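Single-letter residue listing:
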Amino acid sequence: MIPKGELPFANGDYIFLPDIRKAVEDRKTQIPAYVVRDGGLQEFMLGIGELTEDERTIILKGCLINYYRG
């Protein structure tokens, strides 16, 4: 377990967020994430907190420009 307040990743690591779109659509506040390092995966929980409906829509559209374009 990673101590509270410490980041489980460093510069140069990749972060894999499986099913992130579904997590945002389902209004999850915590989602499983993985650090990809040295050919392996290390799981940790990522908090995205409470999002407003506008924030959720902007994320699902991909960016603020797409939100205003749509």
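Right above here is the structure, for reference.
Conventions adopted
- Residues numbered from 1 in each chain as written.
- Predicted model: local features only at pLDDT ≥ 70, side-chain atom pairs only at ≥ 80, totals over all residues.
- Heavy atoms only, no water.
- Phe/Tyr/Trp six-rings, centres within 6.5 Å; stacked < 30°, edge-to-face > 60°.
- Helix = DSSP H or I, 4+ residues; strand = E, 2+ residues; numbered from the N terminus.
- Buried < 20%, exposed > 50% of the residue type's maximum accessible area, 1.4 Å probe, protein only.
- Pairing = 2+ DSSP bridges.
- Axes fitted to C-alpha atoms, helices over the stretch in contact; angles between N-to-C directions.
- Salt bridge = Lys/Arg side-chain N within 4 Å of Asp/Glu carboxyl O.
- Contact = heavy atoms within 4.5 Å.

Colleague: Got a minute to help me understand the packing of aromatic side chains in this structure?
Modeller: To describe a pair of aromatic rings, one takes the distance between the centres and the angle between the planes. Applying the stated criterion across every chain, the model contains 3 aromatic pairs. Look at Phe-16 and Tyr-34: their rings are 6.2 Å apart centre to centre, the planes differ by 35°, and that puts the pair in the tilted class. With Phe-16 in strand E1 (residues 14-16) and Tyr-34 in strand E2 (residues 30-37), this pair connects stretches of sequence that are 18 residues apart. When the centroid spacing of 5.3 Å and the interplanar angle of 65° are considered together, the rings of Tyr-67 and Tyr-68 count as edge-to-face. Of the residues examined, Tyr-68 reaches a relative accessible area of 64% and is grouped as exposed.

Colleague: Before we go on, may I ask you to explain the sheet that holds E1 in this structure?
Modeller: Where strands meet in a sheet, backbone hydrogen bonds hold them as pairs that are either parallel or antiparallel. Here 3 strands make up an open sheet; going across it, the order is E1-E2-E3 and the pairing antiparallel. Where the open sheet ends on each side, the last strands, each with one partner, are E1 and strand E3 (40-47). Pairs of neighbouring strands in the sheet enclose a mean axial angle of 35°, with direction left out of account. Sheet topology places E1 next to E2; 3 bridges connect them, and they run antiparallel. Residue pairing in the sheet places Phe-16 in a bridge with Tyr-34 of E2.

Colleague: Explanation requested: the pattern of salt bridges in the structure shown.
Modeller: A side chain with one charge may pair with a side chain of the opposite charge, provided their charged atoms come close. Scanning the model with the defined rule gives 5 salt bridges in all. Residue Arg-56 pairs with Glu-53 through a salt bridge whose shortest N-O separation is 3.9 Å. Of this pair, Arg-56 and Glu-53 both sit in helix H2 (residues 53-61), separated by 3 residues, roughly a single helical turn. Residue classification places Arg-56 among the buried positions, given a relative accessible area of 6%. With relative accessibility at 44%, the residue Glu-53 sits in the partly exposed group. Counted as one network, the salt bridges with shared partners bring together Arg-27, Glu-53 and Arg-56.

Colleague: When you look at the pairing of E2 in this model, what are you seeing that I'm missing?
Modeller: Consecutive side chains along a regular strand alternate between the two faces of the sheet. With 8 bridges joining them, E2 and E3 adopt antiparallel strand pairing. Its bridge partner lying in E3, Tyr-34 is registered against Glu-43. In textbook terms, the turn of a hairpin is the stretch between consecutive antiparallel strands, and for E2 and E3 this stretch comprises 2 residues, one of which, Asp-38, has a positive phi near 50°.

Colleague: Quick question: what am I supposed to make of the environment of Ile-15 here?
Modeller: Its location among the elements puts Ile-15 in strand E1. Look at Ile-15 and you get partly exposed, because its relative accessible area is 38%. Separated by 21 residues in the primary sequence, Ile-15 and Val-36 place their C-alpha atoms 6.1 Å from one another. Beyond its immediate sequence surroundings of up to four residues, Ile-15 is in contact with Phe-9, Ala-33, Tyr-34, Val-35 and Phe-44.

What is shown is where atoms sit, not what they do.
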